[in-house]
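# Fold and geometry: a report
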Amino acid sequence: MKSIEPLSRPPLLHVSVQESLRKYIEANRLKAGDPLPPETFLAQQLGVGRNSVREAIKALESIGILETRRGIGVFVKEFSFKPLLDNLAYGLQDSLRDVEELREIRRVLETGLIAKTIEMISAEDIGELRRLTESMRQRAERSESFAEEDQQFHQMLFRCQNNHMLSALIDIFWVAFNKASDFTNLDNPTPLATWRDHHEIVEAVAAKDVDRARSRLDDHYRGIQQVIAKNRTI
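Residues numbered from 1 in each chain as written. Predicted model: local features only at pLDDT ≥ 70, side-chain atom pairs only at ≥ 80, totals over all residues. Heavy atoms only, no water.

The interhelical angle for the contact between helix H2 (residues 39-46) and helix H3 (residues 50-62), taken along N-to-C directions, is 110 degrees, at an axis separation of 9 Å. Classed by the angle they form, the pair H2 and H3 counts as roughly perpendicular. Of the two elements, H2 crosses H3, and the hand of that crossing is right-handed. Where H2 approaches H3, its residues Glu39, Thr40, Leu42 and Ala43 are matched on the opposing element by Arg50, Val53, Arg54 and Ile57. (Axes fitted to C-alpha atoms, helices over the stretch in contact; angles between N-to-C directions. Helix = DSSP H or I, 4+ residues; strand = E, 2+ residues; numbered from the N terminus. Parallel < 35°, antiparallel > 145°, perpendicular 65-115°, else oblique. Left-handed = near helix turned anticlockwise from the far one by under 90°. Contact = heavy atoms within 4.5 Å.)

Turning next to helix H9 (residues 191-206). The end-to-end C-alpha distance of H9, which contains 16 residues, comes to 23 Å, matching closely the 22 Å that a straight helix rising 1.5 Å per residue would cover. Listed in full, the buried residues belonging to H9 are Pro191, Thr194, Trp195, Asp197, His198, Ile201, Val202, Ala204 and Val205. One or two residues past the end of H9 sits Lys208, with phi positive at roughly 60 degrees. (Expected span 1.5 Å × (residues − 1). Buried < 20%, exposed > 50% of the residue type's maximum accessible area, 1.4 Å probe, protein only.)

A few words on the nonpolar core. Ranked by size, the top nonpolar core spans 32 residues in total, and within it Ile114, Leu129, Phe153, Leu157 and Val205 carry the most contacts. Elements represented by at least two residues in this core include exactly helix H5 (96-120), helix H6 (123-141), helix H7 (147-159), helix H8 (164-181), H9 and helix H10 (210-232). Other than its neighbours up to four places away in sequence, Leu129 contacts Ile121, Phe153, Met156, Leu157 and Val202. Core analysis: the next-biggest nonpolar cluster, separate from the first, contains 14 residues, Ile25, Leu36, Leu66 and Val74 among them. (Core = buried A, V, L, I, M, F, W, Y, C linked by side-chain atoms within 4.5 Å.)

Here we take up the pairing of strand E2 (residues 73-76). Bridging between strand E1 (residues 66-69) and E2 involves four bridges; their strand directions are antiparallel. Considered in E2, the bridge of Glu67 is made with Phe75. Hairpin connection from E1 to E2: three residues lie between these consecutive antiparallel strands, with Gly71 at a positive phi of about 80 degrees. (Pairing = 2+ DSSP bridges.)

Further remarks concern the confidence of the model for the chain. Scored by pLDDT, the chain has a mean of 84; 81% of the residues are at 70 or more. Mean pLDDT values for the elements of the chain range from 63 in helix H4 (residues 82-91) up to 95 in H6. (pLDDT = per-residue confidence, 0-100.)

Inspection of the secondary structure assignment puts Ala176 in helix H8. As a C-alpha pair, Ala176 and Val99 span 77 residues in sequence and 8.8 Å in three-dimensional space.

Opposite charge on two side chains permits them to pair, given that their charged atoms come into close proximity. With the rule as written, the count across this model stands at 20 salt bridges. Notably, a salt bridge pairs Asp34 with Lys31, separated by 3.9 Å at the nearest N-O pair. Residue class for Lys31 comes out exposed when judged on its relative accessible area of 55%. Between Asp125 and Arg159 there is a salt bridge; the shortest N-O distance is 2.5 Å. With Asp125 in helix H6 and Arg159 in helix H7, the pair connects residues that are 34 residues apart, well separated along the chain. According to the relative accessible area criterion, Asp125 is buried, its value standing at 5%. (Salt bridge = Lys/Arg side-chain N within 4 Å of Asp/Glu carboxyl O.)

A separate point is unusual backbone geometry. Residues other than glycine seldom take positive phi values, yet Arg29 does so here, at roughly 50 degrees. Considering the arrangement of structural elements, one finds Arg29 in the loop between helix H1 (13-27) and H2. Positive phi is not limited to glycine here, since Asn162 has a value of about 50 degrees. With respect to the secondary-structure elements, Asn162 resides in the loop between H7 and H8.

The following block contains the structure:
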């Protein structure tokens, strides 16, 4: 005799409502700022209680799809990577393997795209990168963190490509890596070496030397790996 297969558990009601609301937004091609119908109307159309609709809306708010404007209504929210970023950083806490994977993603992304930057970058952007590295040098000499300048540096390095998705990804991986590794608060015994990595990257880009720029980026990410490894053994 063949055994009876267990019944698959149906999804929770508010989860089904979430999916229906997603499909409604897609079917009607709603854009950021467009309103959804009132909760009462949605409940009637879906044949569910208002509480289920309210739970579904809160869930979609938590992942950045909807926003509630008090006293006005519910609207489609402009896309943001922030909910993904917050969840990614939370999920990576204390996970050395995942932190290392994030570092490697950043390294591959930047070394792979640096040649295009060298083709497109302007003298103005190179000047801005040099200003940032000079600020890094001054902070390094005072043994101060320069995390803000570092984040700006990696954004500026690829800004010339006018690729908004790329900029968002670079920012996501930078912030997620720094949150997950707590890199800003780690002891860096050679802050001037970290500054020098950035300085040499800029000079290689300015010289339009793709191989040297890639090599300097590799050196930079190797240095990051060494700082993390040192702090893990303390």
